[in-house]
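Summary of the model geometry
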Amino acid sequence: MFIPYNLLELNLLKLLRMKIITIMLLFLRLFVYKLFYVKMFSSLRYRVSINNDYNVNLVRNMYNNFFNQYYRKSSGSRSSSSISSSSNSNNNHKIKVIVAGATGYIGRKVVEELVSRNIPCISLVRSLDNISMKTMNCLDGSKIMICNVLDHNEVHDIYDIYQPSITICCLASRSGVKKDSWSVDYGGGMNLLHAQRNISLSINEVGHYVLLSAFCCGKPLLQYQHAKLKLEEEIIQYSKQSFSSSSPASSSSSSSSSSQSLLTYSIVRPTAYFKSLDGQVESACKGNPLLYFGKGDCSANAIGDEDLAKYLVDCAIQPNVVNMTNHCRDIGGPDNPPISKLEQLQLIYNSLEIPIEKRRYISLPIQVIDSLIGLFSMIESISRRLNLKRFEEKCSDASEIARIVRYYATEPMVAINEGE
Ligand SMILES: NC(=O)c1ccc[n+]([C@@H]2O[C@H](COP(=O)([O-])OP(=O)(O)OC[C@H]3O[C@@H](n4cnc5c(N)ncnc54)[C@H](OP(=O)(O)O)[C@@H]3O)[C@@H](O)[C@H]2O)c1
């Protein structure tokens, strides 16, 4: 009598183990793929986004409409609608802006916005080889300059030639792993900061530095967040330097009314972008199930790329008007209500008008990522003991990528109104 029950129990256990092993293998493949083919991965993403533009826009509109319904009811939310896009066109001829990371998701929108406001703009790109037509179209109207932002001298040469009054830094490492984060997010950002400060000194004009940072820097657990935070700190320190003393000033001299600051700053920390939905939209279109972690109850109020670009340009051109002179601010879409990961997926299906019976969701236990982090960390420490430097680095990168996945799956990205 007990035999069939035990058999059933055994089979269930087997099935469960197989499911966990399959999921772990799937993740392992994904990480190895991402780790070793980051470049290929990103170019693939671009192609996917282009082919899938129509569906992606459909979802974004739906998502925006959903938010706007609530936004109209709640006053004072820092949403797209509260963002001013006015520009003082009379003064535009005096302004010259350098945009770093101009080929990125937000950077190219920033360039488009500057061009649409007739503000002279120089787009820094690292190479022309991998730029898609879509990105090229966005950069149209700006001066495109090839510059390795990681090379201090190259950056200074560009600043010497163009003498910009404003820098907008939209740089971000493509992988998020330790080495890249510190060389791109921090190192690249520092080169621009130093060059902007030097040029301000030589042309005797106060410079302004706008940093596109991230909301999640408020709870830093990842390498790229620490790199960004360090850059934020340096920017604040640089803003304390004055024309009278070009060396790092003490806080007492910075507060002195007689010495004018060399550099002002605006640090913008957005919550999340809609591009994180692109992959899910692609899956939904293909009829594949949509994945989420745990209960899918982690919330976010993502901000649209165009809205964020408008805000960044406002911070650059008229920081006083948007109260962003020497200020750091979180910014997101309407925050009432925040929307959970599971609701995002439902919205994707709604907007694609996929019938309920064809909708499929798979919840992945968060422990899967924890196991991967543990596994990679263990191999990393073994490799360290065996002095296998390259392997140690690969494992450290793999566990960092797993930590990034975990962070986004579990940490809410909801910017609430100041004062709330
Ligand atoms: N993703 C989100 O949901 C989210 C949410 C909040 C905040 N943020 C923050 O927003 C910022 C911008 O994000 P994004 O999505 O616009 O970034 P992105 O699309 O990945 O763009 C990154 C930019 O940096 C450039 N770059 C990367 N590595 C470089 C290198 N070694 N040398 C020179 N240039 C390099 C890229 O140039 P190439 O085109 O040549 O690679 C690209 O122009 C990041 O700081 C990110 O942390 C993101």
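Residues numbered from 1 in each chain as written. Predicted model: local features only at pLDDT ≥ 70, side-chain atom pairs only at ≥ 80, totals over all residues.

With respect to the sheet that holds strand β3 (residues 143-146)
Spatially, the seven strands line up as an open sheet ordered β3-β2-β1-β4-β5-β6-β9, and their pairing is parallel. Strand pairing shows two members of the sheet lacking a second neighbour, β3 and β9 (327-331), which therefore form its edges. Mean inter-strand twist for the sheet, computed between neighbouring axes without regard to direction, equals 20°. Where strand β1 (residues 97-100) lies against strand β2 (residues 121-125), four bridges are found, and the strand directions are parallel. (Pairing = 2+ DSSP bridges. Helix = DSSP H or I, 4+ residues; strand = E, 2+ residues; numbered from the N terminus. Axes fitted to C-alpha atoms, helices over the stretch in contact; angles between N-to-C directions.)

Digging into the nonpolar core
Core analysis: the biggest nonpolar cluster contains 91 residues, and Val-99 and Leu-312 have the highest contact counts within it. Broken down by element, the residue count for this core peaks at eight residues, all from helix α11 (residues 305-317). Beyond its immediate chain neighbours, meaning those up to four positions away, Val-99 contacts Gly-107, Val-110, Val-111, Cys-121, Ser-123, Leu-124, Ile-168 and Cys-170. (Core = buried A, V, L, I, M, F, W, Y, C linked by C-beta atoms within 7 Å. Buried ≥ 20, exposed ≤ 12 C-beta atoms within 10 Å, placed from the backbone. Contact = placed C-beta atoms within 7 Å.)

Describing the environment of Glu-205
Along the chain, Glu-205 falls in the loop between α7 (178-203) and β5 (207-212). Overall, the presence of 14 C-beta atoms within 10 Å leaves Glu-205 in the partly exposed class. What Glu-205 contacts, discounting residues up to four positions off in sequence, is Ser-165 and Ser-200.

Some words on the packing of helix α6 (residues 152-162) against α7
Remark: α6 packs on α7, axes separated minimally by 9 Å, with the N-to-C direction vectors making an angle of 35°. In terms of crossing hand, the pair formed by α6 and α7 is right-handed. Contacts between α6 and α7 involve His-152, Val-155, His-156 and Tyr-159 from the former and Asn-191, Leu-192, Ala-195, Gln-196, Asn-198 and Ile-199 from the latter. (Left-handed = near helix turned anticlockwise from the far one by under 90°.)

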